Amino acid sequence: MIDRPIRRKDRQLPREEALDLLKQGVYGVLSVTGDEGWPYGVPMHYVFLEGELYLHCAKEGHMLESIARDDRVCFTVVPRHQLVPDHITALYESVMVFGTAALVEEADERQKVLEALVDRLAQVSPEIKTQYIRSKGARTGLVRIRPARITAKASRAFLPVTKRM
């Protein structure tokens, strides 16, 4: 499945554009294989750092239990979406990352990721950032997704709907 081609090749984006969209986004849905094989999707903030995705979460729960059972995941980001009701369509850009997920345990990597997440998701002074990480960092779970495949597609133009009599 990971190598399945995109059906709408006319909407497929080049890899560099997919990476740019990941760098621009802040929010996506992590899909894992949950309890009894049921799909489980979790909306999450993320940061794309040095070619890997990082998510912050609780240090325990359904999502982490699912990753421990099966580390294969899919993370979907839709940085832009706009309905065009008069033309019965939507304009969008989307990225899907297939990869393996793992908890970030190493202290230096954790610090780097926490700093990047605060920088990406907040506008605070360096002092506030340091205080926040010091007070909440140890209680924060971090998940790294190592991409095996990244695909992206977009619909950026539409054809007018013609009215029939």
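This text goes with the structure placed above it.
A short tour of the structure in this document, coming up.

Reading the values: rules and limits
Residues numbered from 1 in each chain as written. Predicted model: local features only at pLDDT ≥ 70, side-chain atom pairs only at ≥ 80, totals over all residues. Heavy atoms only, no water. Helix = DSSP H or I, 4+ residues; strand = E, 2+ residues; numbered from the N terminus. Buried < 20%, exposed > 50% of the residue type's maximum accessible area, 1.4 Å probe, protein only. Contact = heavy atoms within 4.5 Å. Lys, Arg positive; Asp, Glu negative; His and termini not counted. Charge placed at Lys NZ, Arg CZ, Asp CG, Glu CD. Salt bridge = Lys/Arg side-chain N within 4 Å of Asp/Glu carboxyl O. Pairing = 2+ DSSP bridges.

When you go through the protein chain residue by residue, the secondary structure sums to four helices and six strands. When the helices and strands of the protein chain are read in sequence order from the N terminus, they spell out α-β-β-β-α-β-β-α-α-β. Taking the principal axes of the C-alpha coordinates as reference, the protein chain spans close to 65 × 40 × 25 Å. Relative to its 165 residues, the protein chain shows a buried fraction of 39%. Long-range pairs, those at least 24 residues apart, make up 70% of the contacts in the protein chain with a sequence separation of at least 6. Mean positive and mean negative side-chain charge positions of the protein chain (25 and 22 charges, respectively) differ by 7 Å.

Under the defined criterion, the tally for this structure stands at eight salt bridges. Here arginine 144 and glutamate 52 are joined by a salt bridge, their closest N and O atoms 3.9 Å apart. With arginine 144 in strand β6 (residues 141-155) and glutamate 52 in strand β3 (residues 52-57), this pair connects stretches of sequence that are 92 residues apart. Taking the shortest distance from any N to any O, the salt bridge between arginine 72 and aspartate 70 comes out at 2.7 Å. Owing to a relative accessible area of 58%, arginine 72 belongs among the exposed residues under this scheme. Judged by its relative accessible area of 17%, aspartate 70 falls in the buried class. Within the structure, one salt-bridge network assembled from shared partners comprises Glu52, Glu109, Arg144 and Arg146.

Here strand β1 (residues 27-33) pairs with strand β4 (residues 72-84) via three bridges, running antiparallel. Paired with valine 29 across the strands is threonine 76, a residue of β4. Note: β4 against strand β5 (residues 89-103), eleven bridges, orientation antiparallel. Bridge pairing in β5 links valine 73 to glycine 99. Between β4 and β5, which pair antiparallel one after the other, the connecting turn spans four residues, and isoleucine 88 there sits at a positive phi close to 50°.

Take the environment of methionine 44 next. Within the secondary structure, methionine 44 sits in strand β2 (residues 39-49). Relative accessible area serves as the criterion here: at 7%, methionine 44 is assigned to the buried category. Distance in space between the C-alpha atoms of methionine 44 and histidine 56 is 7.7 Å, their sequence separation being twelve residues. When near neighbours in sequence (up to four residues on either side) are disregarded, methionine 44 contacts Val26, Tyr27, Gly28, Leu30, Leu55, His56, Cys57, Met63 and Phe75.

On to the pairing of β5, then. Bridge count between β5 and β6: twelve bridges; the pairing is antiparallel. Looking across to β6, one finds that phenylalanine 98 is bridged to arginine 149.

Functional significance is not addressed by these values, which are geometric in nature.
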